[in-house]
Structure formats: structure tokens, C-alpha cells
Amino acid sequence: MLVKFLQETELIKRGQTIINLDAADLREADLRNADLWEADLMEADLSKANLNGANLSGAYLKEADLMEADLSEAFQIDANLSGANLSGAKLNGAKLSGA
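Residues numbered from 1 in each chain as written. Predicted model: local features only at pLDDT ≥ 70, side-chain atom pairs only at ≥ 80, totals over all residues. Heavy atoms only, no water.

Chemist: Sorry if this is basic, but what is going on with the overall build of the protein here?
Modeler: Each helix and strand in the protein was counted, giving one helix and zero strands. A total of 99 residues make up the protein; the buried ones form 37% of that total. Long-range pairs, those at least 24 residues apart, make up 3% of the contacts in the protein with a sequence separation of at least 6. (Helix = DSSP H or I, 4+ residues; strand = E, 2+ residues; numbered from the N terminus. Buried < 20%, exposed > 50% of the residue type's maximum accessible area, 1.4 Å probe, protein only. Contact = heavy atoms within 4.5 Å.)

Now the structure itself:
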């Protein structure tokens, strides 16, 4: 995995934002199995997006719109979901520990 390599070579530090998608329009995006570890998705529009199996661990999803998004089997360990809209979101098998 690229992120792991970058950490091991100290090109990035743990806790540093890797992907900044702050307020991005990702409506209906196909993000199946995407690695969005520690991504900044604050206020992003992910309504009806397919995030099945995605890694959102440590992601910053404050006030993101996840209405009717498919988060089945997604990893959201320690993700910040404060104020996020999860109305109608599919969460079957999602890992939400610490979120």
C-alpha cells in the first residue's frame, strides 16, 4: 500500500492529512474499496456514493452529506462523523469503532 510505504520512508507523518477533499462534490461517485484513510472530507457531498468496502479510518467527515450512501463493509474506525447526514445510508457490516 502506497500510504504505508510513504509512512515507513517518513515521507509523510502519521496524523498528517493525505487527501484533502474538503467540500468536494462526490455525489454518486463510485469509491468502492477506495483507500481514503485520514482523508479530509469535511462538508463533502457523498450523497448516493458507493463507498462499499472503502477505508475511511481516521477520515474527517464532519458535516459531510452521506445521505443514501452505500457504506456497507466500509472501515470507519476513529472517523469523525460529527454533524454528518447519514439519512438512508447503508451501513451493513460497516466497522464504526471509535467513530
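Having seen the structure, we can now continue with the description.
Chemist: What exactly am I supposed to notice about the nonpolar core here?
Modeler: In globular proteins that are soluble, nonpolar side chains generally tend to be buried together. Counting residues in each nonpolar core, the largest one holds 25 residues, and the members touching the most others are Leu31, Leu36, Leu41, Leu46, Leu51, Leu61 and Leu66. When sequence neighbours within four positions are dropped, the list of residues in contact with Leu61 reads Leu41, Leu46, Ala79, Asn80, Leu81, Ser82 and Ala84. (Core = buried A, V, L, I, M, F, W, Y, C linked by side-chain atoms within 4.5 Å.)

Chemist: Please clarify how the pattern of salt bridges should be interpreted in this entry.
Modeler: For the structure on display, the rule yields four salt bridges. Across the pair Arg27 and Asp25 runs a salt bridge whose closest N-O atoms are separated by 2.4 Å. Of the residues examined, Asp25 reaches a relative accessible area of 47% and is grouped as partly exposed. Asp45 is paired through a salt bridge with Arg27; the nearest N and O atoms lie 3.6 Å apart. Of this pair, Asp45 sits in the segment after helix H1 (2-8) while Arg27 sits in the segment after H1, and the two are 18 residues apart along the sequence. One connected set of salt bridges, linked through shared partners, spans Asp25, Arg27 and Asp45. (Salt bridge = Lys/Arg side-chain N within 4 Å of Asp/Glu carboxyl O.)

Worth remembering: the numbers are spatial, not functional.
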